[in-house]
Amino acid sequence: MTDDVLTADQIQAVRDRVATLMPQLRADLEALVRIPSVSAASFDQAEVARSAEAVAELLRAEGLEVEVVTEGGRPAVIGHIDGPEGAPTVTLYAHHDVQPPGDDADWDSAPFEPTERDGRLYGRGAADDKAGVLAHIAALRAHRGNLPVGVTVFVEGEEESGSPSLRTILERHGDRLAADAIVIADSGNWAVGTPALTTTLRGGIRVVVRVETLDHSVHSGMFGGAAPDALTALIKLLATLHDDEGDVAVQGLEVGEAADLDYDEARFRAESGLLDGVELIGTGSILSRLWNKPSITTIGMDVTSVAKASNTLAARAAAKVSMRLAPTQDPLAAFELLEQHLLDQAPWGAKVTVELEEHGSGFAADANGLLHDQARASFRDAWGVEPVDMGVGGSIPFISDFAARFPEAAIIVTGVEDPDTRAHGANESLHLEEFARVCEAEAIFLARVGAARA
Ligand SMILES: [Zn+2]
């Protein structure tokens, strides 16, 4: 490109600097992964505080003015460093908390002991999202002493718990996060070797469904056959949430447009680990099912365990249900539709209540304009191939809140994950070569934004 804002030599110089930084970035990433900063309430929250402090220290070392802020939830880290006079500001987002590790036995190496195998670094948070934190540190280090733009860094501490205090943080500290561009490093790329901008995210809600049929549990030999037990009633109720083809049966929910990328059943089966013989559920293109249509999953149940089971009709049972939503769906409207469906379908007159536990909006970006063009150019510089636009089936509540708060800012959703990352699962891992590309791309992006506005 002859009219590019950076020369090939300038781009190569940034890439070379990042290459020399990688060993230390890797060491700093491993140190963060060793802190088990699980934000779920049943885990030790002192570890989340410790990871916030570790992130703050990394930012202070790059000359940022840093504050750890807590507004009723987990600690977030906000840092800022000015750029040259009149330069634009870029806000860099990541989160330092992680999902619970699940059962240690499912991991091939201890979840909080970073371990390399076959070019991947394994560990809870190695990708989601401590590598996102380090991508921001990489960009700062690559321009140490000579930042082309002002940079604000915002590293949240409760993303994996639904960001309960984020609104308050934005109310009280949001002014400090204002920027021309916001880079959200909490998503991923289309495939190893193919970078992507994430342009849509699904929203989501989580509800607890409670079913009661008796005022106390009773003997199944004396009452079974005439009185319904709450667990069977709950199972029948949950079974109404999908139709025979596996599409969500709740009426009135929005369905978004299908993405136009190639993604076949074989790739989906390989990436998801679907067992031979198990069918896909739902209809329409696989990507539209994953990115643009609602989905429903039962994620937990309060029932008597198999080990403690006795010949009893259970009086009550509960399930937690997660529903993913089309990117433009209003989550509260979706909750009302789901609640009405569950009340209407209550089997045998069972008493059903539905409690909304959590809700978050999706995101559909206007991914055009100067700053998105520079982001795509940065990907091209780092990977040597054209990036694609992709959707993501998950949610990042921060994005819709931030988009509402700063409608003028270009929101650029990137990340370190690839289809084998297994974020939230056992054996989560980071592809180390891809991580280096992500770091390069972000450092180049800052240079491009500075040059484009110079
Ligand atoms: Zn994440």
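Below, the structure is looked at part by part.

Definitions and limits used
- Residues numbered from 1 in each chain as written.
- Predicted model: local features only at pLDDT ≥ 70, side-chain atom pairs only at ≥ 80, totals over all residues.
- Heavy atoms only, no water.
- Helix = DSSP H or I, 4+ residues; strand = E, 2+ residues; numbered from the N terminus.
- Rg over C-alpha atoms; globule rule 2.2 N^0.38 Å.
- Buried < 20%, exposed > 50% of the residue type's maximum accessible area, 1.4 Å probe, protein only.
- Contact = heavy atoms within 4.5 Å.
- Areas by Shrake-Rupley, 256 points an atom, 1.4 Å probe, with all protein chains shown as cover.
- Lys, Arg positive; Asp, Glu negative; His and termini not counted.
- Charge placed at Lys NZ, Arg CZ, Asp CG, Glu CD.
- Donors = N, O, S within 2.8 Å, 3.2 Å for Na, K, Ca; no water.
- Tetrahedral: all angles 85-135°; square planar, octahedral: opposite > 155°, others 65-115°.
- Pairing = 2+ DSSP bridges.

In this section: the overall build of the protein chain. Scanning the protein chain from terminus to terminus reveals 12 helices and 18 strands. Taken over C-alpha atoms, the radius of gyration comes to 24 Å for the protein chain, in line with the 22 Å a tight globule of 454 residues would show. Its C-alpha atoms give the protein chain principal-axis dimensions of roughly 80 × 45 × 45 Å. Within the span of the protein chain, comprising 454 residues, buried residues form 54% of the whole. Counting contacts in the protein chain only where the partners sit at least 6 residues apart, residues at least 24 apart contribute 81% of the total. By element, 49% of the accessible surface of the protein chain is carried by carbon and sulfur atoms, the whole surface being about 19900 Å². Taking the average location of the 36 positive side-chain charges in the protein chain and that of its 73 negative ones, the two points are 3 Å from each other.

In this section: the coordination of the zinc ion. The protein atoms donating to the zinc ion are His95 (NE2), Asp128 (OD), Asp186 (OD) and Asp186 (OD), with metal-donor distances spanning 1.9 to 2.8 Å. Relative to the metal, the four donor atoms surrounding the zinc ion lie at angles of 51 to 151 degrees, and the coordination shape comes out irregular. Each donor residue of the zinc ion belongs to the same chain, with the gaps between them written as H-x32-D-x57-D. Taken together, the residues Asp128 in the loop between β5 (120-122) and α3 (130-142) and Asp186 in the loop between β7 (181-185) and β8 (196-201) connect sequence positions 58 residues apart. In this pair, the class of Asp128 matches that of Asp186, namely buried.

Most of strand β3 (residues 89-95) is tucked away, with seven of its seven residues classed as buried. Where burial is concerned, the two faces of β3 agree: the one with Thr89, Thr91, Tyr93 and His95 and the one with Val90, Leu92 and Ala94 are both buried. The pairing of β3 with strand β6 (residues 150-156) spans seven bridges and is classified as parallel. Residue pairing across strands places Val90 opposite Val151, the latter belonging to β6.

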